[in-house]
Amino acid sequence: MARVGVMLPRDLPPQQVLTYARTAEQLGFDELWVVEDLGFRGGVAQAGAVLAATSHIVVGIGILPAGARNAAFAAMELATLAQLFPGRLIAGIGHGMPDWMRQVGARPASPLTLLREYTIALRTLIRGEPGPAAGRYVNVEGVIIGETPQVVPPVVLGVRGPKSIAVAGQVSDGLLLAEPAAPPYIRDSIERLAAAAPEVITYDAAAVGPDGNAARELVRPGLTWIGEPDWAPHLAPLSFAADLARHRQTSTGPEAFAATMPDTWLRELSLAGTPDEVHTQIAARHAAGATSVVMIPAESDPLDALPRLAQVLQQR
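Residues numbered from 1 in each chain as written. Predicted model: local features only at pLDDT ≥ 70, side-chain atom pairs only at ≥ 80, totals over all residues. Heavy atoms only, no water.

**Thoughts on the packing of aromatic side chains**
Then, number 1: Summed over all chains, the structure comprises two aromatic pairs.
Then, number 2: Taken together, a centroid distance of 6.1 Å and an interplanar angle of 75 degrees make the contact between Trp-33 and Tyr-203 edge-to-face. Of this pair, Trp-33 sits in strand S2 (residues 31–34) while Tyr-203 sits in strand S7 (residues 199–208), placing them 170 residues apart in sequence.
Then, number 3: Residues Phe-240 and Trp-265 carry aromatic rings whose centres are separated by 5.2 Å and whose planes lie at 10 degrees to one another, so their mutual orientation is stacked. You can see Phe-240 sitting in the loop between helix H9 (232–235) and helix H10 (241–250) and its partner Trp-265 sitting in helix H12 (residues 263–269), a full 25 residues away along the chain. Trp-265 carries the same exposure label as Phe-240, and that label is buried. (Phe/Tyr/Trp six-rings, centres within 6.5 Å; stacked < 30°, edge-to-face > 60°. Helix = DSSP H or I, 4+ residues; strand = E, 2+ residues; numbered from the N terminus. Buried < 20%, exposed > 50% of the residue type's maximum accessible area, 1.4 Å probe, protein only.)

Below, the structure is given as structure tokens:
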């Protein structure tokens, strides 16, 4: 089934976190995704709290940086959540932002090797099998986790580069594509997987309202940085990629770049507009191969925005 999820913003006031989770479930979202960014809240702790506060919504963690936690202990945490809340967890793993990983002394010489070893070890241990042979970075050889879940949670890789996407196709249950995830980028990423992936989850900035133009204005700040080099893989498959690159080169900075972006680009790069427009944008992502489309609230009050975002669910 094509699913629609919503992100729990990393800076949501703590007194609103559980209310937000319960509201998302009551409104009919299929998934709630929590974020682990350095200096904000921990992903595993958030997931445990919102799983306990809700009854059936699936909770995704996007993402846990490989190498930030020992693979065996990370597997124990995820297996425990999956035991207590069967079928309600998706675990996202990734490289982690390079600057953050350097800051905490956990940036490896070969991030790709670490990601491969870590993902293999994590999935093996969660299944209750002995840890694989020691690698360059991960050594949990022979470790066995006795408390394993009946429903093994999917482990997806939150990556964007072609080599990392290829690794996702080899060692994981699929992809988590950060924003912007326009349909051409989704199709291109699936081709690079070179394997059938059970999961392709996408993030996009989102705003829904009766005035489509006003809604699209709300997502501009969320697109400020997409013209920078790290986002190149997201944009290369787009028909207007060259124009977008020229627009960034001639803009005085990221803020001016986003503020003067044409409306036609906003429609492609976000989930913003009237309920009908956003429903069409979500359907296009599903048609491109996404199994779940996750909305990132763009409004200043995400809890207040949830009912407006949920209007697109009524058309499914």
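**Comments concerning helix H3 (residues 71–84)**
Then, number 1: Compared with the 20 Å implied by 1.5 Å per residue over 14 residues, the 20 Å span of H3 between its first and last C-alpha is a close match.
Then, number 2: Among the residues of H3, Ala-71, Ala-72, Ala-74, Ala-75, Leu-78, Ala-79, Leu-81 and Ala-82 are the ones counted as buried.
Then, number 3: Where H3 is buried, its residues touch helix H2 (43–53), strand S3 (58–65), strand S4 (89–94) and helix H5 (111–126).
Then, number 4: Measuring from the side-chain oxygen of the N-cap residue of H3 to the backbone nitrogen of Ala-72 gives 2.8 Å; that N-cap residue is Asn-70. (Expected span 1.5 Å × (residues − 1). Contact = heavy atoms within 4.5 Å. Polar contact = N/O pair within 3.5 Å; in protein donor to acceptor, adjacent residues only side chain to side chain.)

**A closer look at the packing of helix H1 (residues 17–27) against helix H14 (residues 302–309)**
Then, number 1: Two numbers describe how H1 lies on H14: the axes approach to 10 Å, and their chain directions differ by 5 degrees. One element, H1, and the other, H14, form an angle in the roughly parallel class. Here Thr-19, Tyr-20, Thr-23, Ala-24 and Leu-27 of H1 lie close against H14, whose contacting residues are Pro-302, Leu-303, Leu-306 and Pro-307.
Then, number 2: Looking at the contact of H1 with H14 residue by residue, the classes come out as seven nonpolar, two polar and no charged. (Axes fitted to C-alpha atoms, helices over the stretch in contact; angles between N-to-C directions. Parallel < 35°, antiparallel > 145°, perpendicular 65-115°, else oblique. Nonpolar A, V, L, I, M, F, W, Y, C, P; charged D, E, K, R; others polar.)

**Some remarks on helix H7 (residues 183–193)**
Then, number 1: Those residues of H7 that fall on the buried side of the exposure criterion are Pro-183, Pro-184, Tyr-185, Ile-186, Ser-189 and Leu-193.
Then, number 2: Looking at the packing, one finds that the buried side of H7 touches helix H6 (162–171), strand S6 (174–177), S7, H9, H12 and helix H13 (275–288).
Then, number 3: Following H7 by one or two positions, Ala-194 has its phi on the positive side, about 55 degrees.

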